[in-house]
Number of protein chains: 2
Amino acid sequence: MKCFVLRVFVASAVSTSIGIIGGTGDQGRGLAYRFATAGLEVLIGSRSAERASEVAREFALPNLRGSDNVSVAKECAIAIIAVPWAGHEATLKGLEPFLRGKIVIDCVNPLGFDEKGAYPLKVAEGSACEQAQALLPESTVVGAFHNVSSVVLLNPEVAEIAIDVLVLGDERTATDQVQTLAELLPGVRGIYGGRLRNAGQIEAFTANLISINRRYKAHSSLRITL
Amino acid sequence: MKCFVLRVFVASAVSTSIGIIGGTGDQGRGLAYRFATAGLEVLIGSRSAERASEVAREFALPNLRGSDNVSVAKECAIAIIAVPWAGHEATLKGLEPFLRGKIVIDCVNPLGFDEKGAYPLKVAEGSACEQAQALLPESTVVGAFHNVSSVVLLNPEVAEIAIDVLVLGDERTATDQVQTLAELLPGVRGIYGGRLRNAGQIEAFTANLISINRRYKAHSSLRITL
């Protein structure tokens, strides 16, 4: 039964599309590459349609295209927000009308950097995810893909990404769908990680992974032991 | 060489002692049981010496004793703070003179609970660890054991605890020592997880583990993929 639900979802996802807002950065490109390789139709969005198309063309995949953020937000079935934190609020305000009724996956990590490394920035709403939900009241915001290394995503020699993707949200049907989406990435397990009010520490956890990467010369992520 | 350093540390730790402040709660008892089983001398501390002795006696281990928090803080070589968050500030203020010059391991998670589950509480200093370091300026505070299930620690049928303990701190010699200490627990790997300023999200992450435990009926923890 679970398998059947998965198949229906995949079939429907293939016939629609994943739009990656701010998809020309490392995280966006990495997710675009992996979802397109998994067979989904993927749209990379950018403020500049030209830049987005250029980035999409580099992958040379027939189901991966680029366009401006507004067109991508309009066309996609599910949006992934992958903009830098500095552009998070303004980007979402501008796209609000086009994201209504859709699942919006936020993977943005509000981090600062100084000579001692990375650290979490304070967010008035508690987290990027909660800010997104406040700005997009008619969308269903789900947090996911915060702790995935873009270096690993973009490395075609990594066939299996043996990590868990924590999926956060307040609506079960949406988090279930995003867990299934995450598991289209080979090796990945999608794990429900709590409500949106518990997204802040998952975003901030990326600062710890950056510290771990420095110490152990790694591209770390996490697994949950159940 | 690494093995030699480990042995010297273990020998020295055995000849001294681990003091668990607030050690009669589940987390404190779990750590006490595991460190005592690993051969260390362990002192369980409580506001009531009688209660601490009672809890210690239940384990019936010759190297595990109980006493009042002040006596334990005075006598121990390394302290572990395992009090409830509500008593964190007052307890540390009272013990400050006795913890000078020592490594103080803080494993306290400032969490609130309501009908929707657990969520992180705001901490003025950023985290329990940073509050501890502010209150104990002459001690070296290290964060560790935040995400370890007390149910697992206290289950004698669990021989190997196959998790990573994230160790946070600003002094390398201290975090190295606590990583070695963590690895005395069979199956555990001690991983450096960043500076104290990145401890808040590791404490808060326990709220996510509680959500995961509810959803998956598990006693979850984490592994870092390197």
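Thresholds, definitions, all that
Residues numbered from 1 in each chain as written. Chains lettered and ligands numbered in written order. Predicted model: local features only at pLDDT ≥ 70, side-chain atom pairs only at ≥ 80, totals over all residues. Heavy atoms only, no water. Axes fitted to C-alpha atoms, helices over the stretch in contact; angles between N-to-C directions. Helix = DSSP H or I, 4+ residues; strand = E, 2+ residues; numbered from the N terminus. Parallel < 35°, antiparallel > 145°, perpendicular 65-115°, else oblique. Left-handed = near helix turned anticlockwise from the far one by under 90°. Contact = heavy atoms within 4.5 Å. Buried < 20%, exposed > 50% of the residue type's maximum accessible area, 1.4 Å probe, protein only. Arc of directions from axis to C-beta. Least-squares fit on C-alpha atoms with pLDDT ≥ 70 in both. Buried area = accessible area lost by both parts, 1.4 Å probe. Salt bridge = Lys/Arg side-chain N within 4 Å of Asp/Glu carboxyl O. Polar contact = N/O pair within 3.5 Å; in protein donor to acceptor, adjacent residues only side chain to side chain.

Trainee: Where do I start with the packing of helix H5 (residues 88-99) of chain B against helix H6 (residues 128-135) of chain B in this structure?
Mentor: If you want to describe how two helices pack, look at the angle between their axes and the distance between the axes. Residue and element names in this part refer to chain B. The N-to-C vectors of H5 and H6 enclose an angle of 30°; their axes lie 10 Å apart at closest approach. For the element pair H5 / H6, the angle class is roughly parallel. Considering the relative orientation of H5 and H6, their crossing is right-handed. Counting all contacts with H5, which are made through His-88, Glu-89, Leu-92, Lys-93 and Glu-96, the residues of H6 involved are Ala-128, Gln-131, Ala-132 and Leu-135.

Trainee: Help me understand helix H3 (residues 49-59) of chain A in this model?
Mentor: The periodicity of an α-helix, 3.6 residues per turn, causes residues three or four places apart in sequence to face the same way. Residue and element names in this part refer to chain A. Where H3 is concerned, the buried positions are Ala-52, Val-55, Ala-56 and Phe-59. End-on, the buried residues of H3 take up no more than an arc of 100°, which puts them together on one face. Away from the buried face of H3 by more than 90 degrees, exposed residues Glu-50, Arg-57 and Glu-58 are located. Looking at the packing, one finds that the buried side of H3 touches helix H2 (26-37), strand E2 (42-46), strand E3 (64-68) and helix H7 (150-154). Directly after H3, the chain includes Ala-60, whose backbone phi takes a positive value near 50°.

Trainee: For this particular structure, what's the right way to read the relation of the copies chain A and chain B?
Mentor: Put simply, the second copy of the chain is the first one after a rotation about an axis and a shift along it. Superposition of chain A onto chain B requires a rotation of 180° combined with a translation of 0.0 Å along the rotation axis, giving an RMSD of 0.0 Å. Here the copies are linked by what is in effect a two-fold axis.

Trainee: I would appreciate a short explanation of the interface of chain A and chain B in the present structure.
Mentor: The figure often quoted for interface size is the accessible area lost as the parts come together. Tallying the contact residues gives 41 residues for chain A and 41 residues for chain B. At the boundary of chain A with chain B, total buried surface from both sides reaches about 3200 Å², with 55% on carbon and sulfur atoms. Considering only the side of chain A, the residues that lose the most area to chain B are A:Arg197, A:Arg215 and A:Thr225, jointly responsible for 20% of the buried surface there. On the surface where chain A and chain B come into contact, there are two salt bridges. Ionic pairing is found between A:Asp114 and B:Arg197, a salt bridge with its closest N-O pair at 2.9 Å. Connecting chain A to chain B are 21 residue pairs in polar contact (both at pLDDT 80 or more). Of all elements in the fold, only strand E7 (117-120), strand E9 (164-168), helix H8 (172-182), strand E10 (189-194), helix H9 (200-216) and strand E11 (221-225) of chain A reach the threshold of two or more residues within the side of chain A that touches chain B.

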